[in-house]
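What follows is the residue order along each chain.
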Amino acid sequence: MSDHEAPRVLQVKGRVLVGPDDVRDEIWAVDGRVTYERPPGADEAVVVTGWALPGLVDAHCHVGLDHHGAVDPATTEKQALDDREAGALLLRDAGSPADTRWIDDREDLPKIIRAGRHIARTRRYTRNYAYEIEPDELVAYVGQEARRGDGWVKLVGDWIDREVGDLTACWPREEVGAAIAEAHRLGARVTAHCFAEDSLRDLVEAGIDCIEHATGLTEDTIPLFAERGVAIVPTLVNIATFPTLAEGGEAKYPRWSAHMRRLHERRYDTVRAAYDAGVPVFVGTDAGGVLAHGLVADEVAELVKAGIPALEALSATTWAARAWLGRPGLEEGAPADLVVYDEDPRADVRVLAAPRRVVLNGRVIG
């Protein structure tokens, strides 16, 4: 801003949910930053009314990716805009082969926390998505992606083993332990795609920070997750595709297909049991592979359907999610990224599906 430009001022009036129990009557944004003090220029402010939340978090999506692999910038932009229009203003990109750093220069697009590119075992993941390597290369690749990402690294913990005809763990315990230790040494956290049961204990005991999907959790491993504070991002809107996947693989891999159906059938019980045990649960959609972007409200509704209390499901995409990712909510001086609704989303999370206004960096953009 030059010396002669007036500050950009926005006022949000109504009920501002700074925290689940911290409700204010108004919030201001001056030059894109939050303040609770009435600023100079307030009389000329743009005014928005309603129920305001911090910008929603999709903690598992893939910007710059579709089911074939990396996409062009125009498609990437459309994905980010779809998330923005849904109110998802902070995205944890859980693996992408595309270079999306240019998004960081766009004040009108969501903020992204990148986990680099997926790291998978050779021929054990979707084609064109991951670095496909062998265990003796794992430490080096994890170090590489820890340096390239934004504090996260993404492993593929299990996938179908064609010789076995079912999901099996991808990495030996010793190598994955060394790789996670290397990521932590470099200041990065590690997460892993895991559908099945077999890989979970080794990954958690090796020090992993998060598991994506986590459909293979059982009464034996849930207490371990709770004890170690390992988070899960269930991506229930993606798990809903398991029956279709199982049907497609029935003829060639009947054992895998039956396993996928079992994981799907118990998905809600699995998530609720993890939550009841004290495992941190966060909202993620897995958008960008097969699923469309902009499904964050659907995933919150799925967590409620699984039995997580509505306020906790809401926190899993707002206050708690931002704290977990180390990003601010609506604190004084934070970026003014917020979503405004006509009704109180604490009373009914279905309100999230219809944002009244989307504010990014203090500008009303949706």
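Refer to the structure printed above.
Asker: Quick rundown of the overall build of the protein? Include the residues and the values.
Answerer: From N to C terminus, the protein includes twelve helices and 20 strands. Over its C-alpha trace the protein gives a radius of gyration of 21 Å, about what one expects of a compact globule, namely 21 Å for 366 residues. Summarising its shape, the C-alpha atoms of the protein cover approximately 70 × 40 × 35 Å along the three principal directions. Per-residue burial for the protein yields a buried fraction of 55% across its 366 residues.

Asker: Quick one: what's the story with the sheet that holds strand β4 (residues 46-54), residue by residue and with numbers?
Answerer: Strands belonging to one sheet form pairs held by backbone hydrogen bonds; the direction of such a pair is parallel or antiparallel. Ordered in space as β3-β2-β1-β4-β18-β19-β20, the seven strands form an open sheet in which the pairing is mixed. With one partner strand each, in any of the chains shown, β3 (33-35) and β20 (363-364) form the two edges of the open sheet.

Asker: Lay out the pattern of salt bridges with the relevant residues and their values.
Answerer: If the charged atoms of two oppositely charged side chains come close together, the side chains can form a pair. Following the criterion strictly, the structure yields 26 salt bridges and no others. A salt bridge links D150 to R114; its shortest N-O distance comes to 3.3 Å. With a gap of 36 residues between them, D150 in the loop between α2 (138-148) and β12 (152-156) and R114 in strand β9 (residues 111-114) connect regions that are remote in the sequence. Owing to a relative accessible area of 24%, D150 belongs among the partly exposed residues under this scheme. The shortest N-O distance in the salt bridge between D166 and R255 comes to 3.5 Å. Taken together, the residues span a long stretch of sequence, with D166 in strand β14 (residues 166-169) and R255 in helix α8 (residues 254-265) at a distance of 89 residues. According to the relative accessible area criterion, D166 is buried, its value standing at 6%.

Asker: Can you explain the environment of P280? Please cite residues and give values.
Answerer: One can find P280 in the loop between α9 (267-276) and α10 (296-305). Judged by relative accessible area, which is 28%, P280 ranks as partly exposed. Considered as a pair, P280 and N238 are 42 residues apart in the sequence and their alpha carbons are 19 Å apart. Not counting the four nearest positions on each side in its chain, P280 is found in contact with G229, V230, A231 and I232.

Asker: Now, about the packing of helix α7 (residues 242-249) against α8: what can you tell me, with residues and values included?
Answerer: Put simply, α7 and α8 touch, their axes get as near as 8 Å, and they point 170° apart. The orientation of α7 relative to α8 falls into the category roughly antiparallel. Residues F242, P243, L245, A246, E247 and G249 of α7 lie in contact with α8, whose contacting residues are P254, W256, S257, M260, R261, L263 and H264. Considering only residue class, the contact of α7 with α8 consists of eight nonpolar, three polar and two charged.

Asker: Kindly report on the sheet that holds strand β5 (residues 56-61), identifying the contributing residues and their values.
Answerer: The three strands lie next to each other as β5-β8-β9, forming an open sheet whose pairing is parallel. This sheet does not close on itself; its edge strands, each paired only once, are β5 and β9. Across the sheet, the mean angle separating the axes of adjacent strands is 20° when strand polarity is ignored. Relative to β9, strand β8 (residues 88-93) runs parallel, the two being bridged by four bridges. Paired with L90 across the bridge in β9 is K111.

Asker: Any chance you could break down the side chain of S199 for me, citing the residues and the numbers?
Answerer: By the secondary structure assignment, S199 is in the loop between β15 (189-194) and α4 (200-205). The class of S199 is buried, set by a relative accessible area of 4%. Leaving out residues up to four positions away in the same chain, S199 has contacts with G157, D158, A169 and C194.

Asker: Would you mind going over the nonpolar core in detail, with residue names and values included?
Answerer: Residues L138, V153, L155, I208, I211, F225 and L303 are the most contacted members of the largest nonpolar core, which totals 86 residues. In contact with L155, other than residues within four places in its own chain, are I119, L138, V142, W171, V176, V190, T191, A192 and H193. Counting residues in hydrophobic clusters, the runner-up holds 15 residues, among them V12, V34, V48 and L330.

Asker: Please set out unusual backbone geometry residue by residue, giving values where relevant.
Answerer: Not every positive phi belongs to a glycine, and N128 is a case in point at roughly 75°. Here N128 shows up in the loop between β10 (119-121) and β11 (131-133). The phi dihedral of D286 falls on the positive side, at around 65°, and the residue is not glycine. Structurally, D286 can be placed in the loop between α9 and α10. Judged by relative accessible area, which is 13%, D286 ranks as buried.

Asker: Go over helix α3 (residues 173-185) with me, naming the residues and quoting the values.
Answerer: The periodicity of an α-helix, 3.6 residues per turn, causes residues three or four places apart in sequence to face the same way. For α3, which comprises 13 residues, the first-to-last C-alpha distance of 18 Å matches the rise-based estimate of 18 Å (1.5 Å per residue) to within 8%. The complete set of buried residues in α3 reads V176, G177, A179, I180, E182 and A183. Among the structural elements, α2, β12, β15 and α4 are those in contact with the buried residues of α3. Backbone geometry just downstream of α3 places G187 in the positive-phi region, at approximately 85°.

Procedures and definitions
- Residues numbered from 1 in each chain as written.
- Predicted model: local features only at pLDDT ≥ 70, side-chain atom pairs only at ≥ 80, totals over all residues.
- Heavy atoms only, no water.
- Helix = DSSP H or I, 4+ residues; strand = E, 2+ residues; numbered from the N terminus.
- Rg over C-alpha atoms; globule rule 2.2 N^0.38 Å.
- Buried < 20%, exposed > 50% of the residue type's maximum accessible area, 1.4 Å probe, protein only.
- Pairing = 2+ DSSP bridges.
- Salt bridge = Lys/Arg side-chain N within 4 Å of Asp/Glu carboxyl O.
- Contact = heavy atoms within 4.5 Å.
- Axes fitted to C-alpha atoms, helices over the stretch in contact; angles between N-to-C directions.
- Parallel < 35°, antiparallel > 145°, perpendicular 65-115°, else oblique.
- Nonpolar A, V, L, I, M, F, W, Y, C, P; charged D, E, K, R; others polar.
- Core = buried A, V, L, I, M, F, W, Y, C linked by side-chain atoms within 4.5 Å.
- Expected span 1.5 Å × (residues − 1).

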